[in-house]
Amino acid sequence: LIHFIKRMNKMLLIEILAALLLSCGLVSSDQILRDACGQDRVKLGDWFVAHGSPDLILDPVPQYVGSVDEDPYADPENPPDDPNTRGFCAMQWSEETNEAGLRKYWLKNFPNETAAQHEDYFITHKGHCGACSYIQDLGVYIRQNLTSATRECGILGSLSHNLMRNCLLDLGFSLPCVTIWEWNILNTKAECFAVCVWSYITNEPFNKPDGSLNDCLQCDEDKSGPNFKFFAGRTRRNSGITSSIYRPPDTIYNMEHCYWYGDL
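Once a new chain begins, its residue numbering starts again from 1 and follows that chain's sequence as written. Under the rules for a predicted model, residues below a pLDDT of 70 receive no local features and side-chain atom pairs below 80 are neither given nor counted, while totals for whole chains, interfaces and linings still include all residues. Excluded from the side-chain calculation are hydrogens and water; included are all heavy atoms of the structure.

**Q** Pulling in residues and values, what's your account of the overall build of the protein chain?
**A** We count a stretch as a helix when DSSP gives it H or I for four or more residues in a row; a strand needs E for two or more, and each element gets its number in order from the N terminus. Check the secondary structure of the protein chain and you find ten helices and three strands. Moving toward the C terminus, one meets the helices and strands of the protein chain in the order α-α-α-β-β-α-β-α-α-α-α-α-α. Every one of the 264 residues in the protein chain was classed for burial, and the buried ones make up 44%. Counted over contacts in the protein chain with a minimum sequence separation of 6, partners at least 24 positions apart contribute 70%. For every accessible area listed, the method is Shrake-Rupley and the probe measures 1.4 Å; residues are considered covered only by the protein chains on display. Roughly 14300 Å² of accessible area belongs to the protein chain as shown, and the carbon and sulfur atoms make up 55% of that amount. Note on exposure labels: buried denotes an accessible area under 20% of the residue type's maximum, exposed denotes more than 50%, and partly exposed covers the range between, all computed with a 1.4 Å probe on protein chains only. Any two residues having at least one pair of non-hydrogen atoms within 4.5 Å are treated as being in contact.

Written as structure tokens, this is what we have:
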């Protein structure tokens, strides 16, 4: 109990210090959260995109890694129960390469960080591996702010499914990750259309003055979020990556992605 109290006090002090530094303009949110490992986030993200495609994955492939071919929102029993809600998805580079000389890699689920480190794996995000756990998708998340970009892809989806898919692919996402993004966008359109159209027309801020989400984002969070988080595996928050949407610091897993090889 004493250890827990000391740990919570330390976390609180860190959050207070971070808030003071941010409010004074002395550091950016990217500097507070060390996800980019001190590197230029665009350069690091580009490297992960170029070196982390799905065709570099080695067997055995974790259960939910791959395309989401059926609409998860069509089954009211989804998302499935997660047997290990405190687990981690981790990666390890292989010495095996493809024809272009890119190293292949494994993704694997672990019950905790210690177990992953014991097998020389790098944690790539909190939670189980899924359709967006590829290192390519990490690169997309880490190199750019996606909130407005993915919303624009959703608007294109009102005109054509192919336009929406091509928009998401143009952002750099792997095809498996695109599939769960598509289902998410379509479900949010069905469940939150009116409130989100108004939010877009009025250019409503992502957060209300009290820090809570605007009504569109809250609808998406409630109606589409649980299935997206489960089947995608990776999200920005569980990968330690901030966005233009304010989230409480304790909802963002504080980690760094320092597992490139060679030169950036």
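**Q** Help me get a handle on the environment of C219, residues and values and all.
**A** For C219, the position within the fold is in helix α9 (residues 215-223). Owing to a relative accessible area of 15%, C219 belongs among the buried residues under this scheme. Spatially, the C-alpha atoms of C219 and T188 are 7.7 Å apart, while their sequence positions differ by 31 residues. Not counting residues up to four positions away in its chain, the partners in contact with C219 are E191, C192, V195 and S224.

**Q** Tell me what's going on with the sheet that holds strand β3 (residues 122-126), and back it up with residues and numbers.
**A** Strands are treated as partners if at least two bridges between them are detected by DSSP. Taking strand neighbours across the sheet as the criterion, the three strands line up as β2-β1-β3 in an open arrangement whose pairing is antiparallel. For this open sheet the edge positions go to β2 (103-110) and β3, each flanked by a neighbour on one side alone. Geometrically, the sheet is characterised by an average inter-axis angle of 30° between neighbouring strands, direction not taken into account. Of the strand pairs in this sheet, strand β1 (residues 88-97) and β2 are connected by seven bridges, and their pairing is antiparallel. Looking across to β2, one finds that F88 is bridged to F110. To get an axis, a line is fitted to the C-alpha atoms, and for a helix only the part in contact is used. The angle between two axes follows their N-to-C directions and goes from 0 to 180 degrees.

**Q** I'd like to hear about the pattern of salt bridges, residue by residue, with values.
**A** When a carboxyl oxygen of Asp or Glu is within 4 Å of a side-chain nitrogen of Lys or Arg, the pair counts as a salt bridge. Summed over all chains, the structure comprises ten salt bridges. For the salt bridge of R41 with D35, the shortest nitrogen-to-oxygen distance reads 2.6 Å. Among the residues examined, R41 registers a relative accessible area of 18% and is labelled buried. The closest approach of N and O atoms between E221 and K229, which form a salt bridge, is 3.2 Å. Assessed through its relative accessible area of 17%, E221 is described here as buried. Linked by salt bridges that have partners in common, E221, K229, R237 and R247 make up one network.

**Q** Please provide a residue-by-residue account of the packing of aromatic side chains, values included.
**A** Two rings belonging to Phe, Tyr or Trp (six-membered ring only in the last case) form a pair when the distance between their centres is within 6.5 Å. Interplanar angles under 30 degrees mark stacking, angles over 60 mark edge-to-face geometry, and anything in between is tilted. In the structure shown here, the tally under the stated rule is 15 aromatic pairs. Here F230 and F231 contribute two aromatic rings whose centre-to-centre distance is 5.1 Å and whose plane-to-plane angle is 70°, an arrangement assigned as edge-to-face. Take F230 and F231: they sit in the same class, and that class is buried. Ring pairs connect the aromatic residues W47, F48, W93, Y105, F122, Y259 and Y261, which therefore count as one cluster. A ring is scored as having a charge over it whenever the NZ atom of a lysine or the CZ atom of an arginine sits within 6 Å of its centre and within 35 degrees of its normal. Sitting over the ring of Y261, R103 keeps its end group 4.9 Å from the ring centre.

**Q** Talk me through helix α5 (residues 135-143); I want residue IDs and the actual numbers.
**A** For α5, the tally of buried residues reaches eight of nine residues, placing the bulk of the element in the interior. For α5, the full list of buried residues reads I135, Q136, D137, L138, G139, V140, Y141 and I142. Buried-residue contacts for α5 involve α3 (41-51), β1, β2, β3, α8 (175-201) and α10 (225-232).

**Q** Would you mind going over the environment of V197 in detail, with residue names and values included?
**A** Relative to the elements of secondary structure, V197 occurs in helix α8. Taking the C-alpha atoms as reference, V197 lies 8.4 Å from C216; in sequence the two are 19 residues apart.

By themselves, these observations are geometric and do not establish any function.
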